[in-house]
Amino acid sequence: VSGVVGRADVLACLLFLLTFYFYIRSVDEWVSEDSFPSTVSPGSLLISLFLGTCAMLVKETGITVFAVCLLYDALVLCRDPLTNSACFCLEAADLENLSDTHKTFLVAVFLISCN
């Protein structure tokens, strides 16, 4: 009986990883600084969407795969546009009005996006 309970978790994990794998295969890794990544394989993107939906239906936490794909897109593929846009949005006067918690969070986000 205990083996039956964990099958949904294993299936959701497998579908999560397959979704992310097919998403990585569907986007172009070579991105210029002023554009978004292009879709190389629309078939892989559709498979990724289907597998992500299946992961969400198997276990509720499967929806997080779409957030992981967005973060991969923003932090890995669009690395230069993200760091350039983060620099002009915040000025020194804006930072003075923020609390220490918000400052720590913004510094952490900036350091992650710059690496």
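Below is a short write-up of the structure. Note that the coordinates shown come from a computational prediction; the quantities given were computed from them, not determined experimentally.

Parameters and conventions
- Residues numbered from 1 in each chain as written.
- Predicted model: local features only at pLDDT ≥ 70, side-chain atom pairs only at ≥ 80, totals over all residues.
- Heavy atoms only, no water.
- Helix = DSSP H or I, 4+ residues; strand = E, 2+ residues; numbered from the N terminus.
- Buried < 20%, exposed > 50% of the residue type's maximum accessible area, 1.4 Å probe, protein only.
- Contact = heavy atoms within 4.5 Å.
- Areas by Shrake-Rupley, 256 points an atom, 1.4 Å probe, with all protein chains shown as cover.
- Salt bridge = Lys/Arg side-chain N within 4 Å of Asp/Glu carboxyl O.
- Phe/Tyr/Trp six-rings, centres within 6.5 Å; stacked < 30°, edge-to-face > 60°.

### Notes on the overall build of the protein chain
Item 1. When its secondary structure is counted, the protein chain shows seven helices and zero strands.
Item 2. Along the protein chain, helices and strands appear, N-terminal first, in the series α-α-α-α-α-α-α.
Item 3. Taken over 115 residues, the protein chain has a buried fraction of 19%.
Item 4. Considering only contacts in the protein chain between residues 6 or more positions apart, those separated by 24 or more positions represent 60%.
Item 5. Within the structure as shown, the protein chain displays about 8,200 Å² of accessible surface, and the carbon and sulfur contribution to it stands at 69%.

### A look at the pattern of salt bridges
Item 1. What the rule picks out here adds up to one salt bridge.
Item 2. Note that Asp9 and Lys59 form a salt bridge whose closest N and O atoms lie 3.0 Å from each other. One end of the pair, Asp9, is in helix 2 (residues 7–26); the other, Lys59, is in the loop between helix 3 (42–58) and helix 4 (64–77), and 50 residues separate them in sequence.
Item 3. Take Asp9: its relative accessible area is 40%, and that puts it in the partly exposed class.
Item 4. You can call Lys59 partly exposed: its relative accessible area is 28%.

### A word on the packing of aromatic side chains
Two numbers describe a pair of aromatic rings. These are the distance of the centres and the angle of the planes.
Item 1. Summed over all chains, the structure comprises two aromatic pairs.
Item 2. Relative to Tyr72, the ring of Phe20 has its centre 5.4 Å away and its plane inclined at 85°; by these criteria the two rings are edge-to-face. Of this pair, Phe20 sits in helix 2 while Tyr72 sits in helix 4; the two residues are 52 residues apart in sequence, bridging distant segments of the chain.
Item 3. Given a relative accessible area of 16%, Tyr72 falls into the buried group.
Item 4. Here the aromatic rings of Tyr21 and Phe22 are separated by 5.5 Å at their centres, their planes lie at 75°, and the arrangement is edge-to-face.

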